[in-house]
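Residues per chain, in single letters:
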Amino acid sequence: MSYSFETGIYRPPSEGGSSSLLVRVTRNCPWNLCTFCGMYKAEKFSRRSTAEVKADIDTVAIICRELEVDTDIPSQRGGIDRDRVATLLSKNPDLGVSPGFGMVLEWISSGMKTAFIQDANSIILDTEELVDILAYLRKTFPCIQRVTSYARARTLARKSLSELKAIKNAGLDRLHVGLESGDEAILERIKKGASPEDHLEASRKAMDAGFQLSQYWMPGLGGKKFWKEHAINTAALLNKINPHYIRSRPFFPHPGTPLFYDVEKGHWPLLSPKEQLLELKETVKALDVTSKICFDHAGNYWCGPKGRPVFKHTYEGYQFPEKKPHLLELIEEGIRFQELTPSGPPIWLVR
Ligand code: SF4
């Protein structure tokens, strides 16, 4: 009996924190042109067949049965029997070096509540196929309470509202979309392949279909030249969208990406940590949303007194508008701290 199944590498931190089951329906990114992104640059995009994905789901179900785990209801944390794991491993030593098996154990021991559909733009699958896979996943694991995926704005905008509703009704709850900036010129320069209008149309359609929407933006992406436009136009677009979540992913140049070489040649001068916080202040001041603003990634590195992070890194973040004054106070505190002890970004953020 083979227990092999396939998983991809990336998932949003909020899905890592909840130890989501990873279900890979495509490999890598069908766009792969964004100049700041190094996630899949050396990889080719491909689709997986419905049969392959269902076979993976069946394999995870078999592992659960072997471990005598009830997949009908979410379990309590820690609900896994070490002896059964040891027996399964002794019969199938290959499982011991399978990253997928480790992921399944983590998923079981954290309660089997969530799943993440991989890789970078799962909704590019034909709607019927995706609906079929989602329904199969939900039927196989009634314990799962939330299923999420990454989605590109242009792909979302191309699907009809009825297609998106069908995908939502089949069991996909939340979409994670990379907005990066609301400024048209910046979106063109980073080759995002989606205009502010595309983002607005995609977001409205996704929310009309009933999805929870999680939008990611990149403080610092405009650099010294375009920081103001980046701040103002990003806030303006987010105000129109008013997504459920707005997640900060500060820009830093990843070696090997086109934008890294632009920075290295001096074509894209970066903001200092204090300037990034000043830009962040402009963005947050202009936000008029009922979203949760989240800094749930280590890239939000700014520190305040005693080396504490300026922002909490929780997945639910700061609820607006209630927490807006508090968030602005935190930003001011971070700026004051940078004035007292000016510093560069941490060593792991630079080459
Ligand atoms: S769409 Fe996402 S994964 Fe693909 S290149 Fe752009 S940022 Fe990277």
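Note: the structure precedes this text.
This one's a predicted model, so the numbers in the text were calculated from it and none came from an experiment. (Residues numbered from 1 in each chain as written. Predicted model: local features only at pLDDT ≥ 70, side-chain atom pairs only at ≥ 80, totals over all residues. Heavy atoms only, no water.)

**Observations concerning the site of the ligand**
The ligand sits among Cys29, Asn32, Leu33, Cys34, Phe36, Cys37, Tyr40, Ala120, Arg152 and Lys192. Partitioning the shell around the ligand into residue classes produces seven nonpolar, one polar and two charged. (Near = heavy atom within 4 Å. Nonpolar A, V, L, I, M, F, W, Y, C, P; charged D, E, K, R; others polar.)

**Some points on the pairing of strand β8 (residues 245-248)**
The alternating pattern of β8 places Tyr245 and Arg247 on one face and Ile246 and Ser248 on the opposite face, and all of these are buried. Handedness of the strand β7 (residues 212-217)-helix α10 (residues 223-241)-β8 crossover: right-handed. In terms of strand pairing, β8 meets strand β9 (residues 292-294) through three bridges, oriented parallel. In the strand pairing of β9, Arg247 is matched with Cys294. (Buried < 20%, exposed > 50% of the residue type's maximum accessible area, 1.4 Å probe, protein only. Helix = DSSP H or I, 4+ residues; strand = E, 2+ residues; numbered from the N terminus. Right-handed = clockwise from strand over helix to strand, strands pointing away. Pairing = 2+ DSSP bridges.)

**A word on the sheet that holds strand β10 (residues 318-319)**
Spatial strand order, β1-β4-β5-β6-β7-β8-β9-β10: eight strands in an open sheet with mixed pairing. With partners counted over all chains shown, the strands left at the sheet margins are β1 (21-24) and β10, one partner each. Relative to strand β5 (residues 146-150), strand β4 (residues 114-118) runs parallel, the two being bridged by four bridges. What sits directly across from Ile117, in β5, is Ser149. Of the strands in this sheet, β6 (174-180) and β7 are in contact with helix α9 (residues 196-208), which crosses β6 at around 165°. (Contact = heavy atoms within 4.5 Å. Axes fitted to C-alpha atoms, helices over the stretch in contact; angles between N-to-C directions.)

**Quick notes on the pattern of salt bridges**
Evaluated as defined, the whole model comprises 23 salt bridges. Arg249 is the salt-bridge partner of Asp296, the closest N and O atoms lying 3.0 Å from each other. Residue Asp296 is found in the loop between β9 and β10, and its partner Arg249 is found in the loop between β8 and α11 (258-264); the two are separated by 47 residues along the sequence. With respect to class, Asp296 is no different from Arg249; both count as buried. Salt-bridge contacts for Glu316 lead to Lys292; the nearest nitrogen and oxygen are separated by 2.7 Å. (Salt bridge = Lys/Arg side-chain N within 4 Å of Asp/Glu carboxyl O.)

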